[in-house]
There are 2 protein chains.
Amino acid sequence: MFNRELVKGSTSLLLLQMLGDRDMYGYELVKELEARSGNGFTVKEGTLYPALHKLEKQEYIECYWQEQEKGPARKYYRITDEGRELLKEKTREWQDFVQMMNKMIGRTDHGTAEE
Amino acid sequence: MFNRELVKGSTSLLLLQMLGDRDMYGYELVKELEARSGNGFTVKEGTLYPALHKLEKQEYIECYWQEQEKGPARKYYRITDEGRELLKEKTREWQDFVQMMNKMIGRTDHGTAEE
DNA sequence: TCTATATACCTAATAAACCTAGGTAGGTGA
DNA sequence: TCACCTACCTAGGTTTATTAGGTATATAGA
């Protein structure tokens, strides 16, 4: 759909946001993000797992294993208090960024940009 | 201000946007972006020049030298027709992306998710 | 039994974008 | 002469995401 480049830098925000709602495991996050975005994009496993590990190392999230009656065990992630702080901050940053971008790309009409 | 990470991927959009308004030279773009963003961020020269060269190679912009009465000559960049097409497309992508992100992170206080 | 598929985890190698930290050169003013 | 501003440039390193695999559990079908 749109350029995956744009998403750079927003992955951790997305992950924290998801975990802010409820504890989730990696594979679930991949599927959920794919579903929520309406096929807009997907966060690949090769992106997700390293990102989760980094957030965990920084103590913004923590994990626990949960055995399943059927299928492989799941590694659930839970957001920490520091994580919630970071989430708030990142959300604010995102909103500021959007505002600035809109100021930059929104104010010119060089080519009739109405839908 | 906000995380520079977020800007990654939007640099070429910003450049095309600026050049969509008028021809500009590299150094001018750096200063102008800095001013417009209200100190939000700066595009470094080490980012800008390679980005311009890439856009030129892809024929989205083209350049011409202009001698100055005082000071070093300036290398002006002009957006091409293909560039304008790309700009429209990238602007649309940006708007889609923002829409999706807002859908995902929009409800800033989790727990109350009514529409 | 053997194989394919789905779930669920992971990483090494690569690619892309950016930043750091320089360099070259013209011109002005102390 | 030296410092500073304008104006161009790039090599090397970092970060982030993707590609393209791998391991393991469990089930369904040939």
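These lines cover the structure that appears in this document, whether it is placed above or below. By convention here, each chain's residues receive numbers from 1 onward along its written sequence. By the order in which they are written, chains take letters starting at A while ligands take numbers starting at 1. Where totals are concerned, whole chains, interfaces and linings use all residues; where local detail is concerned, this predicted model gives features only for residues with pLDDT of at least 70, and gives and counts side-chain atom pairs only at 80 or more. Here the side-chain values reflect all heavy atoms present in the structure, with hydrogen atoms and water set aside.

1. A look at the sheet that holds strand E3 (residues 74-79) of chain B
All names here are of chain B. Stated formally: Strands qualify as paired when DSSP identifies two bridges or more between them. The helix and strand labels rest on DSSP assignments: H or I over at least four residues marks a helix, E over at least two residues marks a strand, and numbering proceeds from the N terminus. Residue contacts are defined here by distance: any two heavy atoms, one from each residue, within 4.5 Å place the two residues in contact. A fitted line through C-alpha atoms serves as each axis, taken over the contacting stretch for helices, and the angle formed by two N-to-C directions is quoted from 0 to 180°.
A sheet is described by the order of its strands in space; here three strands give the open sequence E1-E3-E2, paired in antiparallel fashion. Two strands close off the open sheet at either side, each with one partner strand: strand E1 (24-25) and strand E2 (61-66). Two strands pair when backbone bridges link them, and E2 and E3 are joined in this way by six bridges, in the antiparallel orientation. Each bridged residue has a counterpart across the sheet, and for Tyr64 the counterpart in E3 is Tyr76. In the packing of helix H1 (residues 11-21) onto the sheet, contacts are made with E1, E2 and E3, and the angle to E3 comes to roughly 90°.

2. Remarks on the packing of helix H2 (residues 26-36) of chain A against helix H3 (residues 45-57) of chain A
All names here are of chain A. Defined as follows: Orientation categories follow fixed angle ranges, with anything under 35 degrees roughly parallel, anything over 145 roughly antiparallel, 65 to 115 roughly perpendicular, and all other angles oblique. The sense of a crossing depends on the near helix, which, turned anticlockwise from the far helix by less than a right angle, makes the crossing left-handed and, turned clockwise, makes it right-handed.
Interhelical geometry of H2 versus H3 gives an angle of 130° and a closest axis separation of 10 Å. Classed by the angle they form, the pair H2 and H3 counts as oblique. The hand of the H2/H3 crossing is right-handed. On H3, the residues that touch Gly26, Tyr27, Leu29 and Val30 of H2 are Glu45, Leu48, Tyr49 and Leu52.

3. Some thoughts on unusual backbone geometry
Despite not being glycine, Glu59 of chain A shows a phi value in the positive range, around 65°. When you line up the elements, Glu59 of chain A lands in the loop between H3 and strand E2 (61-66).

4. Focus on the sheet that holds strand E3 (residues 74-79) of chain A
Residues and elements named next belong to chain A. Spatially, the three strands line up as an open sheet ordered E1-E3-E2, and their pairing is antiparallel. At either margin of the open sheet sits one strand with a lone partner, and together these are strand E1 (24-25) and E2. The sheet contact formed by E1 and E3 spans two bridges and is antiparallel. Of the residues in E3, the one forming a bridge with Met24 is Tyr77.

5. Thoughts on the pattern of salt bridges
To keep things clear, this is the line we draw: We count a salt bridge whenever a side-chain nitrogen from Lys or Arg sits within 4 Å of a carboxyl oxygen from Asp or Glu. The classification of residues rests on relative accessible area computed with a 1.4 Å probe and restricted to protein chains. Under 20% of the type maximum is buried, over 50% is exposed, and intermediate values are partly exposed.
Scanning the entire structure with this criterion turns up nine salt bridges over all chains. Residues Glu32 of chain A and Arg36 of chain A are paired through a salt bridge, measuring 3.6 Å at the closest nitrogen-oxygen approach. One end of the pair is Glu32 of chain A and the other is Arg36 of chain A, both in helix H2 and four residues apart, which spans about a single turn. Overall, Glu32 of chain A belongs to the partly exposed group, its relative accessible area being 23%. Measuring nitrogen to oxygen at the nearest pair gives 3.2 Å for the salt bridge that ties Arg78 of chain B to Glu62 of chain B. Taken as a pair, Arg78 of chain B in strand E3 and Glu62 of chain B in strand E2 lie far apart in primary sequence, 16 residues in all. On the basis of relative accessibility, which here comes to 34%, the residue Arg78 of chain B falls in the partly exposed class. The exposure class assigned to Glu62 of chain B is partly exposed, which follows from its relative accessible area of 35%. Linked through salt bridges whose partners overlap, the residues forming this network are Asp21, Glu32 and Arg36 of chain A.

6. Re the protein's contact with DNA strand C
Rules: Nearness of a residue to a molecule or strand requires only that one of the residue's heavy atoms be within 4 Å of it. Residues adjacent in sequence count toward polar contacts only when both atoms are side-chain atoms; beyond that, a polar contact is any pair of N or O atoms within 3.5 Å, and within protein one must be able to donate a hydrogen and the other to accept it. In the scheme used here, Gly and all other residues not listed as nonpolar or charged are polar, with Ala, Val, Leu, Ile, Met, Phe, Trp, Tyr, Cys and Pro taken as nonpolar and Asp, Glu, Lys and Arg as charged.
Close to DNA strand C lie 24 residues, the nearest being Tyr27, Arg74 and Lys75 of chain A together with Thr11 and Thr47 of chain B. Protein-adjacent atoms of DNA strand C, using a 4 Å cutoff, are sugar or phosphate at a proportion of 72%. The contact in question runs from a phosphate oxygen of DNA strand C to an N or O atom on the side chain of Tyr25 of chain A, over 2.9 Å. Mapped by element, the contributors of at least two residues to the surface near DNA strand C are H2, H3 and E3 of chain A together with helix H3 (45-57) of chain B. Element by element, the count of residues in the surface near DNA strand C is highest for H3 of chain A, at five residues. The residue makeup of the surface near DNA strand C, split by class, is seven nonpolar, eight polar and nine charged.

7. Digging into the environment of Gly83 of chain B
Mapped onto the elements, Gly83 of chain B comes out in helix H4 (residues 81-105). Residues Gly83 of chain B and Glu62 of chain B lie 21 residues apart in sequence; the distance between their C-alpha atoms is 9.5 Å.

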